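# A look at the structure
Below are the chains, spelled out letter by letter.
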Amino acid sequence: MPLRVQPVTRAQHLAHIAALPSASHMQLPSWGDVKPDWQAESLGWYDDGAADGEGGARLVGVALVLLRPLPKLKRYLAYLPEGPVIDWYDPDLGRWLDPLLAHLKSRGAFSVKMGPPVVVRRWSADAVKAAVADPAAHRLRDVTATAHEPRAFDVADRLRRLGWQQAEPGEEDGFAAGQPRYVFQIPLAGRTLADIHRGLNQQWRRNIKKAEKAGVEVVRGGYEDLPAFHTLYAETAERDRFLPRPLPYFQRMWTALTAEDPDRMRLYLARHDGEVLAAATMLGVGGHVWYSYGASTARRREVQPNNAIQWRMIADAHELGAHVYDFRGITDTLEESNHLLGLLRFKAGSGGEAVEYLGEWDLPLNRVLHRALDLYMSHR
């Protein structure tokens, strides 16, 4: 049975996601409010062959589409970050994507980019540790995985047959433009907090204990604490060589996400002797919780505020009933010269697993404009 795509209200969009085990926070209606440089639209897939209990067609999928206009032209790049929220394992994937493309074409889209939330492979913390220690291993993607998801390869084949092109992985794919292909996650479902604590490596457990003995206090913050977070975040950006987002971005994120759900976004602060040494934001949708942004000062590192704040967030995610705690992006590069390798080691110490997603995919609807965009992005 073919599916129909049309705009839906924010309430319909949110209600559909609320009924699912989880979905990316970037597929929430509120995420469009975080991105004012894009035009946001909520779309829904309707199955005309199935009733919704009130006599209407049943809503079976949703998407947040972000539309970025080309200067001086009414043509758009359409972006579905970590979406759409559909049945990715349907053997007839075209019945989901074809009506989406038809709608976006009618809206003036010249190119579509999306990120299927489909897991391909997983590496245990031990496998990651061994790979980092192996001088012959240069990239995580070349290391034997602990687990494979065979259905992911079927999804990739279907996308290629439908004309979609997989974006090439970058040098530091977890931190490249777009959303990360490689992330690090701690499975929480079916585990006690004691189980999770036992899964931490010795260094993590020692650092958590050290922070407790030193008197590090981890507290929940609010909107008024975002400037303190941002001061540390700017320091972190300079130290770790990335371009920081401005404070208004985080203020807008807080306002938009907490208006949708008061507990959608949390801010944590690690204090010692009255000084904030580390801060982090946490996002949650259904059973999926993300460590979103982190920040710390180089001062008083010996009291281990970073381990303290992460352990508090993991414990709170567990208390919320989350099935996964997601550290977000990791580098795929295992070279000692890579300045992000220390971050991979830190996350691997949590005892979780590295996870590879299918990555982002493009479909040019107007090849001339799509190539022009590629050329522009490569020279940015």
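Our structure is the block above this text.
Residues numbered from 1 in each chain as written. Predicted model: local features only at pLDDT ≥ 70, side-chain atom pairs only at ≥ 80, totals over all residues. Heavy atoms only, no water.

When helices and strands are tallied, the chain shows 12 helices and 16 strands. Each principal axis of the C-alpha atoms in the chain carries an extent, and together these give about 60 × 50 × 45 Å. Considering the chain as a whole, with its 380 residues, one finds that 54% of them fall into the buried category. As presented, the chain carries roughly 17,600 Å² of accessible surface, and 52% of it is formed by carbon and sulfur atoms. In the chain, which carries 47 positive and 47 negative side-chain charges, the distance between the mean positions of the two groups comes to 3 Å. (Helix = DSSP H or I, 4+ residues; strand = E, 2+ residues; numbered from the N terminus. Buried < 20%, exposed > 50% of the residue type's maximum accessible area, 1.4 Å probe, protein only. Areas by Shrake-Rupley, 256 points an atom, 1.4 Å probe, with all protein chains shown as cover. Lys, Arg positive; Asp, Glu negative; His and termini not counted. Charge placed at Lys NZ, Arg CZ, Asp CG, Glu CD.)

We now examine the nonpolar core. Counting 45 residues, the largest nonpolar core has Trp123, Val128, Ile314 and Tyr325 as the members making the most contacts within it. For this core, the leading source of residues is helix α10 (residues 305–319), giving six residues. If sequence neighbours within four positions are ignored, valine 128 has contacts with Trp123, Leu140, Phe184, Leu344, Ala348 and Ala354. Among the nonpolar cores identified, the runner-up in size contains 41 residues, and Ile17, Trp31, Val62 and Phe229 belong to it. (Core = buried A, V, L, I, M, F, W, Y, C linked by side-chain atoms within 4.5 Å. Contact = heavy atoms within 4.5 Å.)

Summarising the element assignment, arginine 367 is placed in helix α12 (residues 367–378). Separated by 234 residues in sequence, arginine 367 and alanine 133 place their C-alpha atoms 44 Å apart.

Further remarks concern the pattern of salt bridges. One pass over the full model with this rule turns up 25 salt bridges. The salt bridge partner of glutamate 41 is arginine 107, with a shortest N-O separation of 3.3 Å. Note that glutamate 41 is positioned in strand β2 (residues 39–51) and arginine 107 in the loop between α3 (94–106) and β5 (109–114), a separation of 66 residues in sequence. Judged by relative accessible area, which is 27%, arginine 107 ranks as partly exposed. Through salt bridges with shared partners, a single ionic network connects Arg220, Asp263, Arg266, Arg312 and Asp316. (Salt bridge = Lys/Arg side-chain N within 4 Å of Asp/Glu carboxyl O.)

A word on helix α1 (residues 10–18). For α1, the full list of buried residues reads His13, His16 and Ile17. Buried residues along α1 cover an arc of 95° about the axis, so they all sit on one side. Among the exposed residues of α1, those pointing more than 90 degrees away from its buried face are Ala11 and Ala18. (Arc of directions from axis to C-beta.)

Let us look at the sheet that holds strand β13 (residues 288–296). Reading across from one edge, β7-β6-β15-β9-β14-β13-β12-β11-β10 is the order of the nine strands in this open sheet, with mixed pairing throughout. Bordering the open sheet on either side are β7 (147–148) and β10 (217–221), each of which pairs with just one other strand. Strand direction decides the pairing type here: β10 and strand β11 (residues 265–272), joined by five bridges, are antiparallel. Looking at the pairing, glycine 221 lines up with leucine 267 of β11. (Pairing = 2+ DSSP bridges.)

Turning our eyes to something else, we now look at the sheet that holds β5. The strands making up a sheet associate through backbone hydrogen bonding, with each pair oriented either parallel or antiparallel. Spatially, β1-β2-β3-β4-β5-β16-β8 is the arrangement adopted by the seven strands of the open sheet, whose pairing is mixed. The open sheet has two free edges, formed respectively by β1 (3–7) and β8 (165–166), since each of these has just one partner strand. Here two bridges tie β8 to strand β16 (residues 361–364), and the two strands are oriented antiparallel to one another. When the bridges of β16 are listed, glutamine 165 appears paired with aspartate 362. Packing against the sheet, α1 makes contact with β2 and β3 (57–69), and its axis sits at approximately 115° to β3. (Axes fitted to C-alpha atoms, helices over the stretch in contact; angles between N-to-C directions.)

This next bit is on the environment of leucine 277. Position of leucine 277 relative to the elements: it lies in strand β12 (residues 275–285). Leucine 277 sits in the buried class, given a relative accessible area of 0%. When the C-alpha atoms of leucine 277 and isoleucine 309 are compared, they prove to be 10.0 Å apart, with 32 residues separating the residues in sequence. Those residues in contact with leucine 277 that lie beyond four places of it in its chain are Leu232, Ala270, His272, Ala295, Ser296, Thr297, Arg299, Arg300, Val303 and Pro305.

Moving on to the pairing of strand β6 (residues 119–124). Regular strands show a simple pattern: their side chains alternate between the two faces of the sheet. Examined bridge by bridge, β6 and strand β15 (residues 353–357) share five bridges and lie antiparallel to one another. Following the sheet pairing, tryptophan 123 is matched in β15 by alanine 354. Two elements, β6 and β7, share two bridges in a ladder whose sense is antiparallel. Across the sheet, the residue bridging to arginine 122 is alanine 147, located in β7.

A word on unusual backbone geometry. The omega angle of the peptide bond from glycine 83 to proline 84 is 5°, so this bond is cis rather than trans. The residue proline 84 is located in the loop between β4 (76–80) and α3 in this model. Non-glycine residue glutamine 304 carries a positive phi angle of around 55°. Considering the arrangement of structural elements, one finds glutamine 304 in the loop between β13 and α10. Residue glutamine 304 is classed as buried on the basis of its relative accessible area of 17%. Phi is positive for arginine 328, which is not a glycine, with a value near 65°. Along the chain, the position of arginine 328 falls in strand β14 (residues 324–329).

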